[in-house]
Amino acid sequence: MHMNDLIRKKRDGNKLTEEEILAFVQGYTEGSIPDYQASALAMAIYFRGMDAKETAALTMAMANSGDRLTMPEMGVRADKHSTGGVGDKTTLIVAPIVAACGVKVPKMSGRGLGHTGGTTDKLSAIPGFRTDLSMKEIESIVQTCGLCIAGSSKELAPADKKLYALRDVTATVDSIPLIAASIMSKKFAAGAQNLVLDVKTGSGAFMKRSADAKSLAKAMVDIGTHEGLRVTALITNMDAPLGYAIGNTLEVIEAVQTLQGIGPEDLTQLCLHLAAQMLYLAGKGTQDECMEMAQHALYSGLALERLIWMVSAQGGDSSVITDTTLFRKSRCFRTVKARSDGFIRRIDAEKCGLAAMRLGAGRTTKDDEIDPAAGIVLDVKPGSEIHSGDRIATLFAERDDVFDGAVELLADAFEVSDVEPKPIPLIIDRISNVK
Ligand code: URA
């Protein structure tokens, strides 16, 4: 195979064969294909796209580029993946619910980058909690607790890591086939069996427009269909932050409150739907029965018990879960007050995420240190009625000097109107290869 011919073929709008795609992925991973040719191909794909067969071939070539977990001893298991959002602590709630219903959840999660948070950063806010686990440790924790949330290993889908880093600096990230193959390759490598995708759309999401989120969801479900994986995608709203808390410790506390049955309505409902879809894919009953099981696990406290077991099994201090007042607090805070009367029309999730990042809750570069206690707690949701002078948010940080830019950015995230806005549905669509 000559890489030059392959680039030309895609540039001219032709389809690549499975063999050509495999040769490219193998050559790029081992270093015989240079970055400049891989960038040219990524750009050709960006403009010309890939059909379902090509996308599936790219996915599997990347999935097979490193270790593949099979977990034959584990039995029925389910996984979830969120395309990323602001205040998205769903994994901390959904995984314990599903485990409490008897379906195993071995979950590989990522770190946050930019304005979106990452599950491993949230869990790292728990003193002692370890996410760097060996496969043996993951298997044994799943066998005893029913769930385990670990950081993704460097050995899983190394081709995706290399290609993603290249796409990041060559303006080729936002291509639907490349995103779909990237996400799904990691799921196949991690041994997914029943997969629920939370594809977010809105200002705080990767896919700002719901039509793009649907195309991405469809591309990922099609890959599943092609490769015999049961996949359901929920397209969900990420125009406003999920729940009220943004920032690692603050989000763990809100996740615990949700598992105590006193969480925010939007977060609770989304988690119940995601969990019910995972149980449904795992064959636990009809969609209605699975929803009832998820509700029972949540409101009985059984799911919270699972989270506590998992935290202890992964080396964490579970006393902060049983009593969240024990978490270390930020030293400084500021409030944002409403400047007029009216209704909250919009809370721009991306601005909230960027403000939280400035406070130290997220990373600007991949080596930045996170302050677990930093973040934002909102007092309102879109649709809330407010009066001038009401507190609408509180910002937390370790140092006073980080507040200036962050307070302005956050204040700018709120849009107020005289008329009560129509509620926006949280779950916009469901796309699945399982009836
Ligand atoms: N997330 C991924 O894992 N890969 C992409 O390409 C984009 C988002």
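Residues numbered from 1 in each chain as written. Predicted model: local features only at pLDDT ≥ 70, side-chain atom pairs only at ≥ 80, totals over all residues. Heavy atoms only, no water.

Draft legend 1. Looking closely at the overall build of the protein chain. The secondary structure content of the protein chain amounts to 17 helices and 13 strands. C-alpha extents for the protein chain along the principal axes are approximately 65 × 45 × 40 Å. Within the protein chain, the proportion of its 435 residues that are buried is 55%. Residue pairs in contact within the protein chain that sit at least 24 positions apart in sequence constitute 79% of those at least 6 positions apart. (Helix = DSSP H or I, 4+ residues; strand = E, 2+ residues; numbered from the N terminus. Buried < 20%, exposed > 50% of the residue type's maximum accessible area, 1.4 Å probe, protein only. Contact = heavy atoms within 4.5 Å.)

Draft legend 2. Structural context of the site of the ligand. What surrounds the ligand is the set Tyr164, Arg167, Ile179, Ser182, Ile183, Lys186 and Phe206. In this structure, an oxygen atom belonging to the ligand sits 2.9 Å away from a side-chain N or O atom of Arg167. Take Lys186: an N or O atom from its side chain is 2.5 Å from an oxygen atom of the ligand. Taken by itself the ligand offers 240 Å² of open surface, and the protein chains cover 85% of this. Listing elements by their share of the shell around the ligand, those giving two or more residues are helix H8 (158-168) and helix H9 (176-189). Split by residue class, the shell around the ligand holds four nonpolar, one polar and two charged. (Near = heavy atom within 4 Å. Polar contact = N/O pair within 3.5 Å; in protein donor to acceptor, adjacent residues only side chain to side chain. Areas by Shrake-Rupley, 256 points an atom, 1.4 Å probe, with all protein chains shown as cover. Nonpolar A, V, L, I, M, F, W, Y, C, P; charged D, E, K, R; others polar.)

Draft legend 3. Broad picture of the packing of helix H1 (residues 3-11) against helix H3 (residues 35-48). For the pair H1 and H3, the least separation of the axes is 8 Å and the interaxial angle reads 15°. By the criterion of interaxial angle, the relationship of H1 to H3 is roughly parallel. The crossing of H1 and H3 is left-handed. Within the contact between the two elements, H1 uses Met3, Asn4, Leu6, Ile7, Lys10 and Arg11 and H3 uses Gln37, Ala38, Ala40, Leu41, Ala44, Ile45 and Arg48. Residues that form the contact of H1 with H3 fall into these classes: eight nonpolar, two polar and three charged. (Axes fitted to C-alpha atoms, helices over the stretch in contact; angles between N-to-C directions. Parallel < 35°, antiparallel > 145°, perpendicular 65-115°, else oblique. Left-handed = near helix turned anticlockwise from the far one by under 90°.)

Draft legend 4. Fine view of the side chain of Thr258. Structurally, Thr258 can be placed in helix H11 (residues 248-259). Contacts of Thr258, omitting those with residues within four sequence positions, involve Ile93, Gly263, Pro264, Leu267, Thr268 and Leu298.

Draft legend 5. Representation of unusual backbone geometry. Despite not being glycine, Met71 shows a phi value in the positive range, around 50°. By the element assignment, Met71 lies in the loop between helix H4 (52-63) and strand E1 (79-82). Here Met71 falls in the buried class, since its relative accessible area comes to 3%. Not every positive phi belongs to a glycine, and Ala157 is a case in point at roughly 45°. The topology assignment puts Ala157 in the loop between strand E3 (147-151) and H8. Overall, the relative accessible area of 0% leaves Ala157 in the buried class.

Draft legend 6. Examining a nonpolar patch on the surface more closely. A cluster of nonpolar side chains, contributed by Met43, Tyr46 and Phe47, occupies part of the molecular surface with about 310 Å² of accessible area. Structurally, the position occupied by Phe47 is in helix H3. (Patch = residues over 30% accessible without salt bridge, like charges linked within 9 Å, V, L, I, M, F, W, Y side chains within 5 Å. Salt bridge = Lys/Arg side-chain N within 4 Å of Asp/Glu carboxyl O.)

Draft legend 7. Geometry of empty space enclosed by the protein. For the structure on display, the rule yields three cavities of 30 Å³ or more. Counted as a void, the largest cavity has a volume near 170 Å³. Along the wall of the largest cavity there are 23 residues; nearest its centre are His115, Thr116, Gly117, Ala361 and Gly362. When contributions to the lining of the largest cavity are tallied by element, the ones reaching two or more residues are helix H6 (119-123), H11 and helix H16 (349-359). Partitioning the lining of the largest cavity into residue classes produces seven nonpolar, twelve polar and four charged. When residues of the lining of the largest cavity are sorted by domain, at least three fall in each of domain 2 (72-153 + 163-324 + 427-432) and domain 3 (328-417). (1 Å grid on protein atoms, 1.4 Å probe; cavity = no way out; pocket = protein on both sides within 12 Å on 5 of 7 lines; lining within 4 Å. Points joined across faces, edges and corners; volume = space filled by probe spheres on them. Domains from an automatic or database assignment.)

Draft legend 8. Structural context of the domain arrangement of the protein chain. According to the domain assignment, the protein chain contains domain 1 (3-49), domain 2 (72-153 + 163-324 + 427-432) and domain 3 (328-417). Each of domain 1 and domain 3 has a C-alpha centre, and these two points are 43 Å apart.

Draft legend 9. Here's a closer look at the sheet that holds strand E10 (residues 385-386). Here we have three strands laid out as an open sheet, ordered E10-E8-E12, and antiparallel in their pairing. With one partner strand each, in any of the chains shown, E10 and strand E12 (414-417) form the two edges of the open sheet. Inspection of the sheet shows strand E8 (residues 342-347) paired to E12 by four bridges, in the antiparallel sense. Note that in E12 the partner of Ile347 across the bridge is Phe414. Along the sheet, helix H17 (residues 403-413) contacts E8 and E12; its crossing angle with E12, the most-contacted strand, is approximately 35°. (Pairing = 2+ DSSP bridges.)

Draft legend 10. Molecular detail of the pairing of strand E9 (residues 375-378). As paired strands, strand E6 (residues 245-246) and E9 are joined by two bridges and run antiparallel to one another. Bridging across to E9, Ala245 finds its partner in Val377. Sheet topology note: the E9/strand E11 (residues 391-397) ladder contains four bridges and is antiparallel. Within the sheet, the bridge partner assigned to Gly375 lies in E11 and is Phe396.

Draft legend 11. Inspection of the pattern of salt bridges at higher detail. Within this structure, the stated rule accounts for 31 salt bridges. Linking Glu20 and Lys9 is a salt bridge whose minimum nitrogen-to-oxygen distance equals 2.9 Å. A residue pair is termed long-range when its members are at least 10 positions apart, and Glu20 in helix H2 (residues 18-30) and Lys9 in helix H1 qualify at eleven residues. Ionic pairing is found between Asp51 and Lys15, a salt bridge with its closest N-O pair at 3.6 Å. Highlighted residues: Asp51 in the loop between H3 and H4 and Lys15 in the loop between H1 and H2, separated in sequence by 36 residues. Here Asp51 falls in the partly exposed class, since its relative accessible area comes to 26%. One network of salt bridges, in which partners are shared, links Asp239, Arg345, Arg346, Asp348 and Glu415.

Draft legend 12. Representation of the pairing of strand E2 (residues 105-109). Counted residue by residue, E2 has five buried out of five residues, so it is predominantly covered. Taking every second residue as pointing to the same face, both faces of E2 are buried, with Val105, Lys107 and Ser109 on one and Pro106 and Met108 on the other. Two elements, E2 and E3, share five bridges in a ladder whose sense is parallel. Bridging across to E3, Val105 finds its partner in Leu147.

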